[in-house]
Amino acid sequence: MTRGNQREKDRERAQSRVGGSKGKPVKGDGLTPEQRRERDAKALQEKTAKKAAQDAAGNNAGGSKK
């Protein structure tokens, strides 16, 4: 059984996807994985510090969230 020109069409579609991808954004931040880890760790530390400051200030009057 032959596939006709399905392979050619699929290759054309793949090429068009490479040029202008409409799907997920590519990691184009220019960072190495180590730099990305450091950046993310710093952001997480800032987030947890902010959360701790809010809890210490008593902004948790609504009770626990479930």
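Details of the structure are given in the entry above.
Heads up: these notes are all about the structure in this document. (Residues numbered from 1 in each chain as written. Predicted model: local features only at pLDDT ≥ 70, side-chain atom pairs only at ≥ 80, totals over all residues. Heavy atoms only, no water.)

1. A look at helix H2 (residues 33-57)
Residues spaced three or four apart along an α-helix face the same direction, because each turn holds 3.6 residues.
Here comes step 1: Taking 1.5 Å as the rise per residue, H2 with 25 residues should run 36 Å; its terminal C-alpha atoms sit 36 Å apart, in good agreement.
Here comes step 2: One or two steps after H2, the chain reaches Gly58, where phi turns positive at roughly 90 degrees. (Helix = DSSP H or I, 4+ residues; strand = E, 2+ residues; numbered from the N terminus. Expected span 1.5 Å × (residues − 1).)

2. Regarding the pattern of salt bridges
Here comes step 1: According to the stated counting rule, one finds four salt bridges in the structure shown.
Here comes step 2: Note that Glu34 is salt-bridged to Arg37, the shortest N-O span being 3.3 Å. Residue Glu34 and its partner Arg37 are both found in helix H2; the two are separated by three residues, about one turn of the helix.
Here comes step 3: Judged by its relative accessible area of 43%, Glu34 is partly exposed.
Here comes step 4: In this structure Arg37 comes out as exposed when scored by relative accessible area, which is 51%.
Here comes step 5: Arg39 serves as the salt-bridge partner of Asp40, at 3.3 Å between the closest nitrogen and oxygen. (Salt bridge = Lys/Arg side-chain N within 4 Å of Asp/Glu carboxyl O. Buried < 20%, exposed > 50% of the residue type's maximum accessible area, 1.4 Å probe, protein only.)

Spatial relationships are all this shows, so hold off on functional conclusions.
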